[in-house]
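# Architecture at a glance
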Amino acid sequence: MFDISRVDHIGIAVKDLEQAKKFYTEMLGLKASGEEVVAEQKVKVCFIPCGDSELELLESTSPDGPIAKFIEKKGEGLQHVALRVDNIEQTLADLKEKGVRLIDEKPRYGAGGASIAFVHPKATGGILLELSQRK
Ligand code: ZN
């Protein structure tokens, strides 16, 4: 069996990253880490560490990006839950063998240099599930 160690982060789709960040930092007193643009996913990301896990604020950098499309359909809010895995290649291979519907069969680049892959909401009870292996 592969090893899932924790909820790595919770992804929150927002229209305005600066405004959303203000809530978490100024109102809740959390500290934001740096921002990063992930060009491949047309998104600007800001991580906010919170205990053993993090919040990931996601703002689209393009009207045709996945986050823009998500907000158009569902509005701002919870977009995905990410679980930390030790070996993403192995986890994906195991899930594929079990017939789990994957969005990504191969890991791709995620913010902060993580390797990430998404599992389809049809397989997970309705949430977009990200698997994340940190450097
Ligand atoms: Zn994420």
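These lines cover the structure that appears in this document, whether it is placed above or below. (Residues numbered from 1 in each chain as written. Predicted model: local features only at pLDDT ≥ 70, side-chain atom pairs only at ≥ 80, totals over all residues. Heavy atoms only, no water.)

## Some points on the overall build of the protein
Let me state the cut-off plainly: Comment: elements are numbered from the N terminus, with helices defined as DSSP H or I runs of at least four residues and strands as E runs of at least two. For this measure, only C-alpha atoms enter the radius of gyration; the expected value for a globule follows 2.2 Å times N^0.38, where N is the number of residues. Only protein chains enter the accessibility calculation, which uses a 1.4 Å probe; a residue is then buried when its area is under 20% of its type maximum, exposed when over 50%, and partly exposed in between.
Along the protein, the regular secondary structure elements total four helices and eight strands. Going residue by residue from the N terminus, the α and β elements of the protein occur as β-α-β-β-β-α-β-α-β-β-α-β. Here the C-alpha atoms of the protein give a radius of gyration of 15 Å, agreeing with the 14 Å that 2.2 N^0.38 yields for 135 residues. The dimensions of the protein, computed from C-alpha atoms along their principal axes, are 45 × 30 × 25 Å. A total of 135 residues make up the protein; the buried ones form 43% of that total.

## Topic: the coordination of the zinc ion
Selection rule: Donor atoms: N, O and S within 2.8 Å of the metal, or within 3.2 Å for Na, K and Ca. Because water is excluded, sites can look incomplete. Tetrahedral means four donors with every angle between 85 and 135 degrees, whereas square planar (four donors) and octahedral (six donors) require angles over 155 degrees between opposite donors and between 65 and 115 for all others; sites fitting neither are termed irregular.
Looking at the zinc ion, the protein donor atoms are His-9 (NE2), Glu-56 (OE), His-80 (NE2) and Glu-130 (OE), and they sit 2.1 Å from it. Taken together, the four donor atoms coordinating the zinc ion span angles of 84 to 163° at the metal, a pattern that classifies the geometry as irregular. Mapped onto the sequence, the residues coordinating the zinc ion show the spacing H-x46-E-x23-H-x49-E. Of this pair, His-9 sits in strand β1 (residues 4-14) while His-80 sits in strand β5 (residues 77-85), and the two are 71 residues apart along the sequence. His-80 sits in the buried class, given a relative accessible area of 3%.

## What to know about helix α3 (residues 88-97)
Our working definition: By arc we mean the arc of the directions from the helix axis to the C-beta atoms, nothing more. Polar contact is the term for a pair of N or O atoms within 3.5 Å; when the atoms are in protein, one must be able to donate a hydrogen and the other to accept it, and sequence-neighboring residues count only if both atoms are side-chain atoms.
Where α3 is concerned, the buried positions are Ile-88, Thr-91, Leu-92, Asp-94 and Leu-95. Within α3, the buried residues cover an arc of 165° as seen down the axis, which keeps them to one side. Looking at where α3 begins, the residue whose side-chain oxygen comes 3.3 Å from the main-chain nitrogen of Glu-89 is Asn-87. Directly after α3, the chain includes Gly-99, whose backbone phi takes a positive value near 80°.

## Section: the pairing of β5
Quick reminder of the rule: Note on pairing: DSSP must find at least two bridges between two strands before they are called paired.
Two elements, β1 and β5, share eight bridges in a ladder whose sense is antiparallel. Residue pairing for β5: Val-7 is matched across the bridge by Leu-83. In this structure, β5 lies alongside strand β8 (residues 129-133), joined through four bridges in parallel fashion. Within the sheet, the bridge partner assigned to Arg-84 lies in β8 and is Ser-132.

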